[in-house]
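Structure at a glance
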Amino acid sequence: MRSAPVLVAGGAGFLGAHLCGRLLDMGCSVVCVDNLDTGSRAAIMALQAHPGFSWIRHDVVDPIPVDGPLSRIYNLACPASPRHYQADPPHTLLTCVDGARNLLDLARRTGARILQASTSEVYGDSLEHPQHESYRGNVNIVGLRSCYDEGKRCAETLFSDYGAWHGVDTKIARIFNTYGPGMALDDGRLVSNLVVQALTGCSMTLYGDGSQTRSLCYVDDLIEGLVRLMESPATFRGPVNLGNPSETPVLEVAGVIRELTGTSASVVHLALPPDDPRRRCPDITLAQHHLGWWPVTGLREGLRRTIADFVARIKSA
């Protein structure tokens, strides 16, 4: 067990809760910080029985009320689905920027290493394919998605400059589309939308003609990548892409979900939202070289596990 706790900001969210569980399994003491805007008590309910787990309800836009030493800080604090981050765009932007600043200040005070969970959305509607970390992106600065896309880009700059200026040990991960058990049933993203619609007999909605692609990474694989990045040598700061380099059209994803759920629901096509990326696929060469990491869970197996989790939660709702 680490001598000092690990803090996970956004620890009651989808990725955060999985990360907290993984860290506890590794023997770490974990402090979860979450304001529960999009996270949930249910996500961390099972963790609260663990003697090494504690949590604080707090918004990272405000200075973090944590005393005592910390060894690691993971910043996953931000709504990640368009439905959620577009609900209050100014607050989303402040969460990205002020939240990063407050957590960096905490890392400086405690001497902790800190990791920023950034996003593939920093690439925008990419003109380069697959996306390499050196690509600077094609982002609309004042669009519907800008509060999130630009907020995450600014947070990366802050991590890079703060680390160099103040000597804080920083890491930056660019997370691509991730799915798995524990996703919010109403988060509005591709996999959760389609699975819930298939299981409840509703029409399965796709935006556009379904030819746009996503690279879907199973949550356990993604968490492994985050942990490996955090524990990598201090000389490797990132940013580094973490995602599945296997690219799948969203219409094909819908077809696999229809097959695995046995639904007869029809597929309905709606207008493509503004600035929605047409292709999304990471170049993970850096992650393979520096972290020895790549996804190992196939799409069908990952969706099978996800559907089983959704079935159980919908039945108990």
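This text goes with the structure placed above it.
Residues numbered from 1 in each chain as written. Predicted model: local features only at pLDDT ≥ 70, side-chain atom pairs only at ≥ 80, totals over all residues. Heavy atoms only, no water.

1. Examining helix H8 (residues 250-261)
Since the α-helix packs 3.6 residues into each turn, any two residues three or four apart lie on the same face. Short version of the rule: In DSSP terms, a helix is any run of H or I states spanning at least four residues, a strand is any run of E spanning at least two, and both are numbered starting from the N terminus. Multiplying 1.5 Å by the helix residue count minus one yields the expected span of that helix. Each residue is placed in one exposure class: buried if its accessible area under a 1.4 Å probe, protein chains only, is under 20% of its type's maximum, exposed if it is over 50%, and partly exposed if it falls in between. Along the arc lie the directions from the helix axis toward the C-beta atoms. The contact criterion used throughout is that any non-hydrogen atoms of two residues lie within 4.5 Å.
With twelve residues, H8 extends 17 Å from end C-alpha to end C-alpha; this agrees with the ideal 16 Å at 1.5 Å per step. When we look at burial in H8, the residues that qualify are Val250, Val253, Ala254, Val256 and Ile257. Axial view of H8: buried residues confined to an arc of 160°, hence all on one face. Contact partners of the buried residues in H8: helix H6 (190-200), strand S8 (204-207), strand S9 (213-214), strand S12 (248-249) and helix H10 (299-316).

2. Considerations on the nonpolar core
Rule in force here: Take the buried residues of types Ala, Val, Leu, Ile, Met, Phe, Trp, Tyr and Cys, join any two whose side-chain atoms come within 4.5 Å, and each joined set is a nonpolar core.
In terms of nonpolar packing, the biggest core is built from 58 residues, with Tyr74 and Leu226 touching the most fellow members. With residues up to four places along the chain from it excluded, the contact list for Leu226 reads Tyr74, Leu115, Ala173, Ile175 and Leu242. Counting residues in hydrophobic clusters, the runner-up holds 22 residues, among them Ile73, Ala77, Ala107 and Ile114.

3. Points about helix H5 (residues 146-166)
Here H5 is 21 residues long and its end C-alpha atoms lie 28 Å apart, about the 30 Å a rise of 1.5 Å per residue gives. Along H5, the residues classified as buried are Ser146, Cys147, Tyr148, Asp149, Gly151, Lys152, Ala155, Glu156, Phe159, Tyr162 and Gly163. Contact partners of the buried residues in H5: helix H3 (82-85), helix H4 (89-110), strand S5 (113-119) and strand S6 (170-175). Positive backbone phi, approximately 70°, marks Gly167, located one or two places after H5.

4. Regarding the sheet that holds strand S2 (residues 30-34)
For the record, the criterion: By definition, two strands form a pair when at least two bridges between them are found by DSSP. In this description, a line fitted to the C-alpha atoms serves as the axis of each element, helices being fitted only across the stretch in contact, and the angle between N-to-C directions of two axes falls anywhere from 0 to 180 degrees.
One open sheet holds the seven strands; their spatial order is S3-S2-S1-S4-S5-S6-S11, and the pairing between them is parallel. Looking at the sheet topology across the chains shown, the edges are occupied by strand S3 (53-57) and strand S11 (240-242). On average, each strand axis in the sheet is inclined to that of its neighbour by 20°, with strand direction left out of account. When S5 meets S6, the two strands line up parallel, connected through six bridges. For Leu115, the partnering residue across the bridge sits in S6 and is Lys171.

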